[in-house]
Amino acid sequence: AQSVTQLDSQVPVFEEAPVELRCNYSSSVSVYLFWYVQYPNQGLQLLLKYLSGSTLVKGINGFEAEFNKSQTSFHLRKPSVHISDTAEYFCAVILKSGTYKYIFGTGTRLKVLA
Amino acid sequence: DTAVSQTPKYLVTQMGNDKSIKCEQNLGHDTMYWYKQDSKKFLKIMFSYNNKELIINETVPNRFSPKSPDKAHLNLHINSLELGDSAVYFCASSQMASGETQYFGPGTRLLVL
């Protein structure tokens, strides 16, 4: 069975500081990896995804993530955050074949402080 | 131009009532999903339909019944509502291919009193 772990439930950070949101996954088969963002009172939207190729993936709003197969991680980073980045961030995986079911992590609340 | 829309946005109702939530997507996708997000923001898939056929049916009480009249619509009917059904329900759609992005609706906030 697949699982996704986001160890940090909340991450406070000052504006213009860098941030890293951690995501680790467990799967016996190959997976695709995603980061979604949920702004207050809205649905989720895709930040970035890793399907294949370069392990460093760039997404919207200046975010990037690096796929590390040996550590089964897909951490999300941004070099300088803005107040507007305050949101809930979800890591997710889906099997490369078979079911089309996303497995979501429990989310990390990023709070950017002025 | 809303890609995935849900109605209603808010739903407040009494225990024991029956209610429906509607979802429509105009992205031309062939697969639609229902998710439940609890108060701790935990997101859990409930159902998925591909071209009107049920493909994912998680462990959900049978009081919840999805219905897909066509591939652009996926409705969720809930019978005999319980306090524990209070949550935000999200509809999403995608193309049926692993690795495809899911597009989410704005959510329906259900409060059962």
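In the block above lies the structure referred to throughout.
In every chain, residue numbers begin from 1 and rise along the written sequence. Chains and ligands are labelled sequentially in the order written, the chains with letters from A and the ligands with numbers from 1. Local features in this predicted model are restricted to residues of pLDDT 70 or higher, and side-chain atom pairs are both shown and tallied only at a pLDDT of 80 or more, whereas totals for entire chains, interfaces and linings draw on every residue. Computation of side-chain values: all heavy atoms of the structure, hydrogens and water removed.

Asks: Looking at this structure, how should I read the interface of chain A and chain B?
Replies: Reports often express the size of an interface as the amount of accessible area lost when the parts come together. Between two residues, a contact is recorded if the distance between any of their heavy atoms is within 4.5 Å. Chain A puts 22 residues into the contact, and the matching count from chain B is 21 residues. When two parts are put together, the accessible area they lose, computed with a 1.4 Å probe and summed over both, is reported as buried area. In total, about 1800 Å² of surface goes out of reach between chain A and chain B, with carbon and sulfur atoms giving 57% of it. For this document, the term salt bridge refers to a Lys or Arg side-chain nitrogen within 4 Å of an Asp or Glu carboxyl oxygen. Our count for the chain A to chain B interface comes out at zero salt bridges. Residues are grouped as follows: nonpolar covers Ala, Val, Leu, Ile, Met, Phe, Trp, Tyr, Cys and Pro; charged covers Asp, Glu, Lys and Arg; every other residue, Gly included, is treated as polar. Classifying every residue of the side of chain A that touches chain B by side-chain character gives 12 nonpolar, six polar and four charged.

Asks: Mind showing me how you'd approach the pairing of strand 9 (residues 73-78) of chain A here?
Replies: One face of the sheet, then the other: side chains in a regular strand alternate in exactly this way. All names here are of chain A. Three exposure classes are used, based on accessible area relative to the maximum for each residue type with a 1.4 Å probe and protein chains only: buried under 20%, partly exposed in between, and exposed over 50%. A helix here means a DSSP run of H or I that spans at least four residues, while a strand means a run of E at least two residues long, and both kinds are numbered starting from the N terminus. With five of its six residues buried, strand 9 lies for the most part within the structure. Note: strand 3 (residues 19-21) against strand 9, three bridges, orientation antiparallel. Residue pairing for strand 9: Val-19 is matched across the bridge by Lys-78. Strand pairing is defined by DSSP finding a minimum of two bridges between the two strands. Strand direction decides the pairing type here: strand 8 (residues 64-68) and strand 9, joined by five bridges, are antiparallel. When the bridges of strand 9 are listed, Glu-64 appears paired with Arg-77. Counting the residues in the hairpin turn of strand 8 and strand 9 gives four residues, including Thr-72, whose phi is positive at 45 degrees.

Asks: Hey, could you run me through unusual backbone geometry in this one?
Replies: Most peptide bonds adopt trans geometry, and most residues besides glycine take a negative phi value. A cis amide bond, omega -5 degrees, links Thr7(B) with the succeeding residue Pro8(B). Position of Pro8(B) among the secondary structure elements: in the loop between strand 1 (4-7) and strand 2 (10-13). Even without being a glycine, Thr72(A) presents a positive backbone phi close to 45 degrees. Mapped onto the secondary structure, Thr72(A) falls in the loop between strand 8 and strand 9. Its relative accessible area of 29% is what places Thr72(A) among the partly exposed residues.

Asks: How do you make sense of the state of the cysteines when you look at a structure like this?
Replies: As used in these notes, a disulfide is a covalent bond between sulfur atoms, one from each of two cysteines. Residues and elements named next belong to chain A. In plain terms, two cysteine sulfur atoms within 2.5 Å form what is called a disulfide here. Applying the stated criterion across every chain yields a total of two disulfides over all chains. Sulfur-sulfur distance for the disulfide between Cys-23 and Cys-91 comes to 1.9 Å. Classification of the bridge connecting Cys-23 and Cys-91 rests on its S-S torsion, roughly -65 degrees, and on that basis the disulfide is left-handed. Of the two residues, Cys-23 sits in the loop between strand 3 and strand 4 (24-26) while Cys-91 sits in strand 10 (residues 87-95), which places them 68 residues apart along the sequence. Cys-91 carries the same exposure label as Cys-23, and that label is buried.

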